[in-house]
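Structure assessment
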Amino acid sequence: MGKAYEKEYELHYYDVDKNLKANMSMIINILSDIGTKQSEELGSGMEDLVESNMTWVFYNYHVKIFRNPTYKEKLTVKTEPVGFKKFYALRNYEIKDSNGNVIVTANAIFLLINLEKRRMMRIPKEQYEVYGVESDIKEEFKIPRLEAITKYKYEDTFKVRYSDIDSNQHVNNTKYVDWAIETLPEEIVNNYTLDEIKVTFEKECKYGETVRVLTDVREEEEAIVTIHKIETLDNKELTRLIACWKKI
């Protein structure tokens, strides 16, 4: 394990949905923020990375919500680098409420990208030192492979807007979650709560492009699983996403 980092957050009105709860996209934003904050405090923030012609991007993440935090709630968020493996970095997250109860857990895999070539690059030694990682992970490292969609019940298209773009000049990772949810019928969104999500990003998406979201839905015991593929109009796969919804 590398250097752990912890930060306090308070949920404001603009952080919550119509039910005054932080939804999955907001949770992912908090997780993204704390990782960025740690990097900045360790002297390897976004501006420092850009000067070295590189940046970290999400490749895969898995988030589990045991209880959605609510408006005005104070949270303690912790993150810790698990380790590196050549091109990949692993990071764990945990969110606790004011009583010390763990209400969210997550893990993520990042790629280090060469900004000029727009390709992944081997993690330099300096990054190991920054995060307190001594060496590559010794045990076998398997990249999660998400289920591929074979059929779909719902389909929609979305055009990438200026507001969808992040500092890396591609679509912010939470937008893919929002697009996937938008394809679902109101019956699911209004009567179920999204409490687990797995996402893998295969290719980046930029301003002005139009994406197609294909969605399948299957029922399980007291839950619904939704499977999504996000692709370009010429069928290049951008993202795979699997979500688990529990009845409210």
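Data block above holds the structure.
In what follows, the accompanying structure is described. (Residues numbered from 1 in each chain as written. Predicted model: local features only at pLDDT ≥ 70, side-chain atom pairs only at ≥ 80, totals over all residues. Heavy atoms only, no water.)

Let's talk about the overall build of the chain
Within the chain one finds five helices and eleven strands. The C-alpha radius of gyration of the chain comes to 18 Å, within 12% of the 18 Å expected for a compact globule of 248 residues. Oriented by its inertia axes, the alpha-carbon framework of the chain measures out at about 50 × 50 × 35 Å. Each of the 248 residues in the chain was classed as buried or not, and the buried ones make up 48%. Pairs at least 24 apart in sequence give 71% of the contacts found in the chain among residues at least 6 apart. Counting every atom, the chain has about 13500 Å² of accessible surface; 46% of that belongs to carbon and sulfur. (Helix = DSSP H or I, 4+ residues; strand = E, 2+ residues; numbered from the N terminus. Rg over C-alpha atoms; globule rule 2.2 N^0.38 Å. Buried < 20%, exposed > 50% of the residue type's maximum accessible area, 1.4 Å probe, protein only. Contact = heavy atoms within 4.5 Å. Areas by Shrake-Rupley, 256 points an atom, 1.4 Å probe, with all protein chains shown as cover.)

Let's talk about the nonpolar core
Counting 59 residues, the largest nonpolar core has Trp 56, Tyr 61, Val 63, Ile 95, Trp 179 and Ile 197 as its most contacted members. Sorting elements by how many residues they give to this core places helix 1 (residues 24-41) first, with seven residues. Contacts of Tyr 61, omitting those with residues within four sequence positions, involve Ile 28, Asn 107, Ala 108, Asn 173, Val 177, Ile 197, Lys 198, Val 199 and Phe 201. Among the nonpolar cores identified, the runner-up in size contains nine residues, and Val 57, Tyr 59, Ile 109 and Ile 137 belong to it. (Core = buried A, V, L, I, M, F, W, Y, C linked by side-chain atoms within 4.5 Å.)

As for the pairing of strand 8 (residues 192-201)
Taken across its ten residues, strand 8 has seven buried, putting it largely inside the fold. As paired strands, strand 2 (residues 54-65) and strand 8 are joined by five bridges and run antiparallel to one another. When the bridges of strand 8 are listed, Asn 60 appears paired with Thr 200. Pairing of strand 8 with strand 11 (residues 237-247) involves nine bridges; the strand directions are antiparallel. For Thr 193, the partnering residue across the bridge sits in strand 11 and is Lys 246. (Pairing = 2+ DSSP bridges.)

Concerning the pattern of salt bridges
Scanning all chains against the criterion turns up 18 salt bridges. Where Arg 67 meets Glu 73, a salt bridge forms, and the shortest distance between an N and an O atom there is 2.5 Å. Note that Arg 212 is salt-bridged to Glu 231, the shortest N-O span being 2.8 Å. Pair noted here: Arg 212 is in strand 9 (residues 210-220) and Glu 231 is in strand 10 (residues 223-232), with a separation of 19 residues, a long-range link. (Salt bridge = Lys/Arg side-chain N within 4 Å of Asp/Glu carboxyl O.)

Section: the environment of Glu 147
By the secondary structure assignment, Glu 147 is in the loop between helix 3 (125-131) and strand 7 (154-159). In the structure, Glu 147 is positioned 18 residues away from Glu 129 in sequence and 36 Å away in space, judged by C-alpha atoms. Residues in contact with Glu 147, not counting those within four places in the same chain, are Arg 218, Ile 227, Arg 240 and Ile 242. Side-chain polar atoms of Glu 147 contact the side chain of Arg 218, separated by 3.0 Å. (Polar contact = N/O pair within 3.5 Å; in protein donor to acceptor, adjacent residues only side chain to side chain.)

What to know about the pairing of strand 5 (residues 102-114)
Judged by how many residues are buried, strand 5 sits mostly within the fold: ten of 13 residues are covered. Across eleven bridges, the pairing between strand 2 and strand 5 is antiparallel. Opposite Thr 55, over in strand 5, you have Ile 113 as the bridge partner. Of the strand pairs in this sheet, strand 4 (residues 88-96) and strand 5 are connected by nine bridges, and their pairing is antiparallel. Counterpart to Tyr 93 in the pairing with strand 5 is Ala 106. Looking at chain direction, strand 5 and strand 6 (residues 119-120) are connected through two bridges and run antiparallel. Opposite Ile 113, over in strand 6, you have Met 120 as the bridge partner. What sits between the antiparallel neighbours strand 5 and strand 6 is a turn of four residues, in which Arg 118 has the positive phi angle 55 degrees.

Description of the packing of helix 1 against helix 4 (residues 173-182)
In the contact formed by helix 1 and helix 4, the axes pass within 9 Å of each other and the chain directions differ by 170 degrees. Judged by the inter-axis angle, helix 1 sits roughly antiparallel to helix 4. Contact residues: helix 1 offers Met 24, Ser 25, Ile 28, Asn 29 and Ser 32, while helix 4 offers Asn 173, Thr 174, Val 177 and Asp 178. Considering only residue class, the contact of helix 1 with helix 4 consists of three nonpolar, five polar and one charged. (Axes fitted to C-alpha atoms, helices over the stretch in contact; angles between N-to-C directions. Parallel < 35°, antiparallel > 145°, perpendicular 65-115°, else oblique. Nonpolar A, V, L, I, M, F, W, Y, C, P; charged D, E, K, R; others polar.)

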